[in-house]
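Chains, contacts and geometry: an overview
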Amino acid sequence: MLKATLRSFLAHKGRLLLSALAVVLSVAFVAGSLIFSDTVTGTFNRLFASTAADVTVSPKNQLKSRVATGATPTLPASLADRLAKVDGVAATHVDVNVENLTIVDREDKSIGPTSGAPTIATNWQVTKRSPVKLTSGHAPHGGDEALLDADTAQRKHVAIGDTLTVQAQRTFPVKIVGIATFTTTNPGAALLFLDTPTAQTNLLGDPDAATSIAVDAAPGVADAPLKQRIAAQVGTGTYDVKTADEQAKDAAAQLGGFLDVIKYVMLGFAGIAVLVGVFLIVNTFSMLIAQRTRELGLLRALGADRRQVRRSVLTEALLLGLVGSTLGLAAGIGLALGLIRLMSAFGMNLKSTEMAIGWPTPVTSYVVGVGVTFVAAYLPARRAAGVSPMAALSDAEVAGVGRPLRTRALVGSVVGVAGGAALAGCAAASKTSTAASLLGLGVVLTLIATVIAGPLLVRPVIRVLGGAFPALFGPVGLMSQRNALRNPRRTGATAAALMVGLALVGGMSVASASMSKSFDHQIDKTLGSDFVIQNSNFVPFTAEITDKVRTTRGAGLVVRQRFTPVAVRLPDGKRVETTAAGYDPRLDDVAHVTYTQGDTAAALGAGRLAMDAKFAREHGVRVGTTIPVEFPAERKTELTVGALTDQGGSGGFGMQGGLFFGFGTIEKYVPGGQDSALYVNAAPGTSPDQLRADLEQTLKPYPQVQVRDQADYKKLVHDQIAVLLYLVYALLGLAIVIAVLGVVNTLALSVVERTREIGLLRAIGLARRQLRRMIRLESVVIAVFGAVLGLALGLVWGLCVQRVLALQGMKSLAVPWTTIVAVVVGSAVVGIVAALLPALRASRMNVLAAIAHE
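Residues numbered from 1 in each chain as written. Predicted model: local features only at pLDDT ≥ 70, side-chain atom pairs only at ≥ 80, totals over all residues. Heavy atoms only, no water.

1. Describing the packing of helix α12 (residues 432–465) against helix α23 (residues 768–806)
Two numbers describe how α12 lies on α23: the axes approach to 9 Å, and their chain directions differ by 155°. Judged by the angle between their axes, α12 and α23 are roughly antiparallel. Of the two possible hands of crossing, α12 and α23 adopt the one that is right-handed. Residues that form the contact of α12 with α23 fall into these classes: 20 nonpolar, four polar and no charged. (Axes fitted to C-alpha atoms, helices over the stretch in contact; angles between N-to-C directions. Helix = DSSP H or I, 4+ residues; strand = E, 2+ residues; numbered from the N terminus. Parallel < 35°, antiparallel > 145°, perpendicular 65-115°, else oblique. Left-handed = near helix turned anticlockwise from the far one by under 90°. Nonpolar A, V, L, I, M, F, W, Y, C, P; charged D, E, K, R; others polar.)

In structure tokens:
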């Protein structure tokens, strides 16, 4: 039996190759994501471990929110002298590290990275843990000298002697007097180094301030006991005291969020490949077993029992999984290498020689590849074991052509009703968490139900889709339609691969279109200013920019917006951390805020705040309720709720609770903060177009700042939503690739299965061109059938997703009919492409050999 199994596998290796490609793709994405994330994690762990001080003392931050306020937490630099006297301390260093800044060249162009990595200015001090070393020029001395990292200098064509402008706490010019080269991995940031007094004065605005104190342990002193001594000296209520290991873990945790995005995206691709590949493998083995009915019957007649036959088919699947997993692992290594080089192109200089391939990667790869193939082949293997010895004497195939679909109908109906009930519950739910849970359950159940019941829909749907074929293409069209109807199970399984991808696209297209329309409506409803001035990456900007805007010719009213993280203690006992905003008094002139109680004057008054009405109801808050509020640096106060707003459940400004208050409050409790946005109206007699031109001219030296009107704001939102949609389209592309493989495999095996039939058709006068057309039409109708099922399912999902979004204030519904029509047309094209090789092969058959085929 083993010898027969191996010979059977090698005899069908061409037909199994397309199924192996699905395994290869799924394993490649799994292996690539694991290798890439392990490589980046290992590289940065080494960086953090080698650069962290033995003990670091930094300002304590009780609030976990990472919203940028523009205020840099500091501590007294004189603390370094106190710490130097602690037993076990060898040396202390004052650190100044600021990220909220922009550096521009003589042409007012930013020299910062475009990859999203930060621009960092820090003080120059050489220690054994420095991540860079001076490779040319000299160290900075005085307020007008600086060093620049070599990667940024090369990328932005900056040389020693060039003058740059630093826009930080204050704006000042610096002359580049040296270049520093990374001795470890360059994380992609742009680094500017100043001498310590200059960094303290110009970056922090205080000559006796620092962002942290680095402590070096004396020889023989461990980090943990040294940390305890330092904590006893400075106290833990005001400062965070961390060892090198704790610092490295914190830095790695922050990096983990970035890595998780890449990992989950790639695992999403792997999941799609696995899901679609299952249909392909099931179909392939089912058809191979159907074609080997007489062969399997002969094995049974010669004495093989059911278990041996089933084991033979599963062994073939195991071999397929092993081959696919091995090739997928190799492809995953190549994919990880490509990602590493791509990250290098964006400025993160990872080394391919440091690629990490831990034992979990190959183990996971083989578990996925072999497991998927084995599970997918189990049902066909059971079917093969049921072949009777008498089948060796007949021409019958065990393809399930005439078997009733009652079981499928029953199971599909039960699962479909359960899925429909979950989706209905999602649409009727009033809480976002409940609706989201029911949505996930409904999506899974309705997808399973559609896959199970797909063959039941083949005959009614394809009769409609191919109804015009006889009139348009004559007998060839009629035969193509009937070929697709001949085996509903096979047609349904083939179309299911395409259906999964298109269901995902249909659902996400409706969701994204609804989000875009809702945001457009929200912008039209709330934004009342002519222009909004914001940093391109939404971080705060300096007061200098605010002053420049105010003095621009034609600028009338300017209302400032400033954000801060806060924690509020609510009457129901809950402590909620969120983001709040501060506004200038004339907010009504630049924004349309809907109040259920109170008004803007009550919201922005001294000691007052506004809150979203829905959030207030959930936590027992009313107008007049006094709320304890905690600001950064443990500044605490109590504010009275002066107004409640109705901004569609999102708080009006996209923040939980919709908290906002007057500008005086935020200036009092977050000193040193910076503005996040300016809402600007044109002065009387100045047209918006003229004001825009003047604002853009004023802000030309500040490339990080953008001038946006309502149309620009809408485009910005659309572009951000489009990023998600592009990801979905990429998933669709992968699903289509595997679906095409499935259609090609099905048609190729079908051509082999119908060799004698094709020979007879050719013998009675069917031309080669007509034969190719028949197979192409069969492929098109199968592909369009999958598209119709997928889009119908996706539209239902999309409507339910929109109901979940409505609970967050995005109540508009939009269906992108253009996209849906394009997908249907594209599916027909996919069907034509998939049929090219099988149709060509069928048309080249020798007629007599085909008629004599068994």
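And the narrative resumes.
2. Brief notes about the packing of aromatic side chains
The full count for this structure, using the stated rule, is five aromatic pairs. Relative to Tyr669, the ring of Phe631 lies with its centre 5.0 Å away and its plane at 10°, an arrangement referred to as stacked. Here Tyr669 lies in helix α19 (residues 663–669) and Phe631 lies in strand β20 (residues 626–631), a separation of 38 residues in the sequence. Counting every residue linked through ring pairs, the aromatic cluster contains Phe631, Phe661 and Tyr669. Taking NZ or CZ as reference, Arg560 lies 3.8 Å from the ring centre of Phe663, over its face. (Phe/Tyr/Trp six-rings, centres within 6.5 Å; stacked < 30°, edge-to-face > 60°. Lys NZ or Arg CZ within 6 Å of the ring centre and 35° of its normal.)

3. Some details on helix α14 (residues 475–486)
Owing to its 3.6 residues per turn, the α-helix aligns residues three or four sequence positions apart on the same side. Compared with the 16 Å implied by 1.5 Å per residue over 12 residues, the 16 Å span of α14 between its first and last C-alpha is a close match. Turning to α14, its buried residues are Val476, Gly477, Ser480, Gln481, Asn483, Ala484 and Leu485. Looking at the packing, one finds that the buried side of α14 touches α12, α13 (469–473), α15 (488–526), α22 (755–763) and α23. (Expected span 1.5 Å × (residues − 1). Buried < 20%, exposed > 50% of the residue type's maximum accessible area, 1.4 Å probe, protein only. Contact = heavy atoms within 4.5 Å.)

4. Things to note about the packing of helix α11 (residues 406–428) against α12
The geometry of α11 relative to α12 is characterised by a closest axis approach of 7 Å and an angle of 155° between their N-to-C directions. By the criterion of interaxial angle, the relationship of α11 to α12 is roughly antiparallel. Handedness of the α11/α12 crossing: left-handed. When its residues are assigned to classes, the contact of α11 with α12 shows 20 nonpolar, seven polar and one charged.

5. Focus: the pattern of salt bridges
Should the charged atoms of two oppositely charged side chains come close, the side chains can pair. In total, this model carries 19 salt bridges according to the counting rule given. Arg229 is the salt-bridge partner of Asp87, the closest N and O atoms lying 4.0 Å from each other. Of this pair, Asp87 sits in the loop between α3 (79–84) and β3 (89–95) while Arg229 is found in helix α6 (residues 223–234), placing the two residues 142 residues apart along the sequence. The class of Asp87 is exposed, set by a relative accessible area of 60%. With relative accessibility at 34%, the residue Arg229 sits in the partly exposed group. A single salt-bridge network, built from bridges that share partners, covers Arg692, Glu696, Asp709 and Asp712. (Salt bridge = Lys/Arg side-chain N within 4 Å of Asp/Glu carboxyl O.)

Honestly, it's all geometry; don't read function into it.
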